[in-house]
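Fold and geometry: a report
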Amino acid sequence: MADDLKSAGYSTHAVGKWHLGFCKEDYLPMNRGFDHHYGFWLGAEDYYNHTREDGYDFRNDMEVDESAKGVYSSVLFSRQSDQIIRHHDQSSPLFLYIPLQSVHGPIEAPQEYVDLYQDVQDEQRRVFLGMVTASG
C-alpha cells in the first residue's frame, strides 16, 4: 500500500513496530514504500530499553537510534508522529502508518498510567489498563 501511495505523490511514514520481516533488505520499511520509518523491526521487546533478549532494536530510518533508550515506546511514537504532522508540507498528501507496540507483551506501562486504576484489584490488569491508556 505504501508503494502505491508513494507513487501517487504521498509522503509516506511508518512510526512504530515493523514486525513484517527483516531477513532480507527487500522486506524493510524503506524498501516497502516508506520514505521514513521510526521504531523497531522485531516484536515483543521491552517498552523502555527497546531490547529483546540481549539485542537492542530501535531505529530512525536505517540507523540504530540509541537516544530512545529509557523512554516508553508510546511516548516516542507520539512525539515522532506529532513532529511529522507539524512539519509536513500541506501541499502534498501524507500517509502516516502507526502500528503501536501496545498492548503486546511484555506487559509494561508508566507508573503514572497504572496508578489511574488503583480501584482494580488485579495488578497485571492495572498494568494492562495503563498500557491502553498510555497508547492513546
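Here's a quick rundown of the structure. (Residues numbered from 1 in each chain as written. Predicted model: local features only at pLDDT ≥ 70, side-chain atom pairs only at ≥ 80, totals over all residues. Heavy atoms only, no water.)

With respect to the side chain of Ser-74
Basically, it comes down to this: For the purposes of this entry, the term helix denotes a DSSP run of H or I that reaches at least four residues, the term strand denotes a run of E that reaches at least two, and both are numbered from the N terminus. Between buried and exposed lies partly exposed: a residue is buried under 20% and exposed over 50% of the maximum accessible area for its type, with that area taken using a 1.4 Å probe on protein chains only.
Secondary-structure assignment places Ser-74 in helix α2 (residues 73–87). The exposure class assigned to Ser-74 is buried, which follows from its relative accessible area of 7%.

With respect to the sheet that holds strand β2 (residues 36–40)
The test is simple: At least two DSSP bridges between two strands are required for those strands to pair. Residue contacts follow a heavy-atom distance rule, with two residues in contact if any of their heavy atoms lie within 4.5 Å. Helix axes are fitted only over the stretch in contact, all axes being lines through C-alpha atoms; the angle between N-to-C directions runs from 0 to 180 degrees.
Taking strand neighbours across the sheet as the criterion, the five strands line up as β6-β5-β2-β1-β7 in an open arrangement whose pairing is mixed. Of all strands in the sheet, those bounded by a partner on one side alone are β6 (63–64) and β7 (94–97). Packing of α2 onto the sheet brings it into contact with β1 (11–17), β2 and β7, and relative to β1 it is tilted by some 170 degrees.

Section: the packing of aromatic side chains
The test is simple: Any pair of Phe, Tyr and Trp rings, taking the six-membered ring for Trp, is counted once the centres come within 6.5 Å. Such a pair is stacked with planes under 30 degrees apart, edge-to-face with planes over 60 apart, and tilted for the rest.
Following the criterion strictly, the structure yields nine aromatic pairs and no others. When the ring of Phe-34 is compared with that of Phe-95, the centres are 6.1 Å apart and the planes differ by 20 degrees; the resulting orientation is stacked. Of the two residues, Phe-34 is situated in the loop between β1 and β2 and Phe-95 in strand β7; the sequence distance between them amounts to 61 residues. In this pair, the class of Phe-34 matches that of Phe-95, namely buried. Relative to Tyr-72, the ring of Tyr-47 has its centre 5.2 Å away and its plane inclined at 15 degrees; by these criteria the two rings are stacked. Of this pair, Tyr-47 sits in the loop between β2 and β3 (51–52) while Tyr-72 sits in the loop between β6 and α2, and the two are 25 residues apart along the sequence.

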